[in-house]
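Remarks on the overall topology
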Amino acid sequence: MYDGYTNWYSILEPNGVSNVATYVYNFDDIEEYINTFGTWGDDIVTKTKNYICQRETPCYSNPCDNGGTCEIFRNKYICQCMPGYDGTNCKINYCGRSPCNNGGSCVGIDGGYHCICPAGIVGTNCETELCATNPCANGGTCIGGHGKYQCNCVDGFFGTECEIDLCAGNPCENGGTYIGIEDGFTCECPHGFVGTRCETDLCANNPCENDGLCIGTHGGFKCNCRVGYIGAKCETGYCVSSQSCEDCPTI
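Keep in mind it's a predicted model, so treat the numbers as computed, not measured.

A count of helices and strands for the protein chain gives zero helices and 22 strands. Of the contacts made within the protein chain by residues no fewer than 6 positions apart, 27% connect residues no fewer than 24 positions apart. For the protein chain, the accessible area works out to roughly 16,100 Å², and carbon and sulfur atoms hold 50% of it.

Structure representation (structure tokens):
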């Protein structure tokens, strides 16, 4: 018996939403019914009881697969399918055939599917590998990202695809040597020259006094002084009136 209906012996639930069609009450003059088919019947066949009439509905057999929900419309059933499934009975699984390439993950959506692609892969089915042809020039390394790529350039090159050569035309002046570094360059300057591009000649205006000779050094200069003068810039004289300049020390 189910749900307090003392005269209900069916294996089906009388109060179920999907299979109860009609409730019949107060048939005091109902004829005796013998449970011939074993589906439902009176608990005492010789005593008149009230009965519940039941019939199968279109959704009774659970026709919707893969988690679909059965709904009745005009005495027929309609399956509301879960995302990623389709068809009259939700038997079509869009991800069942593994449509996503290159390690992509298939996710079911309403009426179809969507591919989640790994880094460096794009396309409806993850069919395009962005680094396959290595778009990075001048020895650059292609690194795949989510929906894009970037180039890791070797020293001395930069740009979206490492297309700019910082050494082109040698930006170092006065005989400087170009050296490429990450995202830029540096100039190795000859003696007596300094600056980002070796543009400054430290001896250009002869900083040495008293006719001293300027000689370039690594990153600087020194003064070769005339006889009788000393100092970083030959600024100090040793010759006095009582001495001959030939007797003064040479620095």
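Attention now moves to the side chain of Asn-89. Considering the arrangement of structural elements, one finds Asn-89 in the loop between strand S5 (85–86) and strand S6 (92–93). Within the structure, the side chain of Asn-89 is placed 2.9 Å from the backbone oxygen of Pro-63, a separation counted as a polar contact. If we skip the residues at most four places from it in the chain, Asn-89 touches Pro-63, Cys-64, Asp-65, Tyr-77 and Cys-79.

Looking at the element boundaries, Asn-170 is found in the loop between strand S14 (164–165) and strand S15 (177–181). Judged by relative accessible area, which is 36%, Asn-170 ranks as partly exposed. Placed 17 residues apart in sequence, Asn-170 and Cys-187 show a C-alpha to C-alpha distance of 9.3 Å. Those residues in contact with Asn-170 that lie beyond four places of it in its chain are Gly-176 and Tyr-178.

Turning next to the state of the cysteines. Applying the stated criterion across every chain yields a total of 14 disulfides. What pairs with Cys-131 in a disulfide is Cys-142, and their sulfur atoms sit 1.9 Å apart. When the S-S torsion is -70°, as for the bridge of Cys-131 with Cys-142, the disulfide is left-handed. With Cys-131 in the loop between strand S10 (128–129) and strand S11 (141–145) and Cys-142 in strand S11, this pair connects stretches of sequence that are eleven residues apart. Sulfur-sulfur distance for the disulfide between Cys-172 and Cys-187 comes to 1.9 Å. Since a negative S-S torsion denotes a left-handed disulfide, the Cys-172-Cys-187 link at about -90° is left-handed. Taken together, the residues Cys-172 in the loop between S14 and S15 and Cys-187 in strand S16 (residues 184–188) connect sequence positions 15 residues apart. For the pair Cys-172 and Cys-187, one class covers both residues: buried.

Among the secondary structure elements, Gly-195 is positioned in the loop between strand S17 (193–194) and strand S18 (200–201). Accessibility expressed as a relative area gives 36% for Gly-195, which makes it partly exposed. Taking the C-alpha atoms as reference, Gly-195 lies 9.5 Å from Glu-173; in sequence the two are 22 residues apart.

A contiguous nonpolar patch, built from Val-107, Ile-109 and Ile-116 and spanning about 230 Å² of accessible area, is present on the exposed surface. As for its position among the elements, Ile-116 is in strand S8 (residues 112–116).

Another point: the confidence of the model for the protein chain. Note: predicted coordinates in regions of low pLDDT should not be interpreted at a detailed level. Averaged over all residues, the pLDDT of the protein chain equals 78, while 72% of them reach at least 70. Averaged pLDDT values for the elements of the protein chain fall to 38 in strand S1 (residues 22–23) and rise to 96 in S5. Confidence drops under a pLDDT of 50 for residues 15–51, and excluding neighbours within four residues, the segment shows 63 contacts in the predicted structure.

With a phi close to 45°, Asn-206 is a non-glycine residue in the positive phi region. Topologically, Asn-206 is positioned in the loop between S18 and strand S19 (213–217). Positive phi is not limited to glycine here, since Cys-234 has a value of about 60°. As for its placement among the helices and strands, Cys-234 is situated in the loop between strand S21 (229–230) and strand S22 (236–237). On the basis of relative accessibility, which here comes to 0%, the residue Cys-234 falls in the buried class.

Conventions and cut-offs
Residues numbered from 1 in each chain as written. Predicted model: local features only at pLDDT ≥ 70, side-chain atom pairs only at ≥ 80, totals over all residues. Heavy atoms only, no water. Helix = DSSP H or I, 4+ residues; strand = E, 2+ residues; numbered from the N terminus. Contact = heavy atoms within 4.5 Å. Areas by Shrake-Rupley, 256 points an atom, 1.4 Å probe, with all protein chains shown as cover. Polar contact = N/O pair within 3.5 Å; in protein donor to acceptor, adjacent residues only side chain to side chain. Buried < 20%, exposed > 50% of the residue type's maximum accessible area, 1.4 Å probe, protein only. Disulfide = S-S within 2.5 Å. Patch = residues over 30% accessible without salt bridge, like charges linked within 9 Å, V, L, I, M, F, W, Y side chains within 5 Å. Salt bridge = Lys/Arg side-chain N within 4 Å of Asp/Glu carboxyl O. pLDDT = per-residue confidence, 0-100.

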